Amino acid sequence: MNRNISVAYALVLAAACLSSSALAADLPKSGTYAAHYGWTFSGQVQELGANRTVYAGVVAGVIFNDAGKGFLHKARVDCTLMNDVNQGRANANGTCVVTDAEGDKAFLEWKCTGAMPACPGDERWVGGTGKYKGMSGTSKFQGNFIGATGAGWSDWSGEYKLP
């Protein structure tokens, strides 16, 4: 009985290793993508008078590639956020760590400005770990806030390159 369990465990482990290698091999060295992710904000909010609010924290959620598969589909996204909203206009920036199902991470920097509740801007891929090591590229995005709920979504589209 113990031998059967050991064999089953070895087969499961081998299948996991093979599928992880296949996933890395399936990622093209460059490409374009369109994706969206829903997020929630956690952090600090400072009211600086009647018309100015500063937000500092993290917006965390899950990203979905619009194609339903491929680059970063169903990956976790954790973005730092520093957003100074003055006279109804957002001026925000931060960084993101995008972690896929295999634990590999992609890093990016972002910034946006715009009239609330939207903030259109630019992103720049600045490396990563595992299959994303050395990644570069640029993207456009728009962050959208759902009123004062602390939640929202972002639409991303752009290109990436791997070494």
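Small disclaimer: the values here were computed from a predicted structure and weren't measured. (Residues numbered from 1 in each chain as written. Predicted model: local features only at pLDDT ≥ 70, side-chain atom pairs only at ≥ 80, totals over all residues. Heavy atoms only, no water.)

Digging into the overall build of the chain
Scanning the chain from N- to C-terminus turns up 1 helix and 8 strands. Secondary structure of the chain in N-to-C order comes out as α-β-β-β-β-β-β-β-β. Here the chain holds 163 residues, and 34% of them are scored as buried. For the chain, contacts bridging at least 24 residues in sequence account for 46% of all contacts bridging at least 6. Accessible surface for the chain amounts to roughly 9300 Å². Of this, 59% is attributable to carbon and sulfur atoms. (Helix = DSSP H or I, 4+ residues; strand = E, 2+ residues; numbered from the N terminus. Buried < 20%, exposed > 50% of the residue type's maximum accessible area, 1.4 Å probe, protein only. Contact = heavy atoms within 4.5 Å. Areas by Shrake-Rupley, 256 points an atom, 1.4 Å probe, with all protein chains shown as cover.)

Some points on the pairing of strand β4 (residues 89-99)
Successive residues of a regular strand alternate their side chains across the two faces of the sheet. Both strand β3 (residues 75-86) and β4 contribute to a ladder of 9 bridges, which runs antiparallel. What sits directly across from Cys-79, in β4, is Cys-96. Between β3 and the antiparallel strand that follows it, β4, lie 2 residues; Gln-87 among them carries a positive phi value of about 55°. As consecutive antiparallel partners, β4 and strand β5 (residues 105-115) are separated by 5 residues, and within that stretch Gly-103 has a phi angle of approximately 90°, a positive value. (Pairing = 2+ DSSP bridges.)

Some details on the state of the cysteines
On inspection of all chains with the given rule, the structure shows 2 disulfides. Between the sulfur atoms of Cys-79 and its disulfide mate Cys-96 the distance is 1.9 Å. The S-S bond linking Cys-79 to Cys-96 shows a torsion near 105°; that makes this disulfide right-handed. On the criterion of sequence distance, the pair formed by Cys-79 in strand β3 and Cys-96 in strand β4 is long-range, its members being 17 residues apart. Put simply, Cys-112 and Cys-119 are joined by a disulfide, and their sulfur atoms are 2.1 Å apart. Of note, the bridge from Cys-112 to Cys-119 carries an S-S torsion of about 105° and is right-handed in sense. Residue Cys-119 is classed as buried on the basis of its relative accessible area, which comes to 1%. (Disulfide = S-S within 2.5 Å.)

Some details on the pairing of strand β1 (residues 30-47)
Of the strand pairs in this sheet, β1 and strand β8 (residues 151-161) are connected by 11 bridges, and their pairing is antiparallel. Bridging from a neighbouring strand, Ala-35 pairs with Trp-156 of β8. As paired strands, β1 and strand β2 (residues 52-65) are joined by 13 bridges and run antiparallel to one another. Along β2, the bridge assignment pairs Gln-44 with Ala-56. Linking β1 back to β2 in an antiparallel pair, the connection comprises 4 residues, with Gly-49 at a positive phi of about 100°.

Comments concerning unusual backbone geometry
Between Met-116 and the following residue, Pro-117, the backbone shows a cis peptide bond with an omega angle of 15°. If you trace the backbone, Pro-117 turns up in the loop between β5 and β6 (118-128). With phi around 60°, Leu-72 is a residue other than glycine that occupies positive phi space. Following the sequence through the fold, Leu-72 ends up in the loop between β2 and β3.

Some points on the side chain of Glu-123
Secondary-structure assignment places Glu-123 in strand β6. Buried charge without a partner: Glu-123 forms no salt bridge, and the closest opposite charge is Lys-140, 10 Å away. At 3.2 Å, the side chain of Glu-123 and the side chain of Trp-156 are in polar contact. (Lys, Arg positive; Asp, Glu negative; His and termini not counted. Salt bridge = Lys/Arg side-chain N within 4 Å of Asp/Glu carboxyl O. Polar contact = N/O pair within 3.5 Å; in protein donor to acceptor, adjacent residues only side chain to side chain.)

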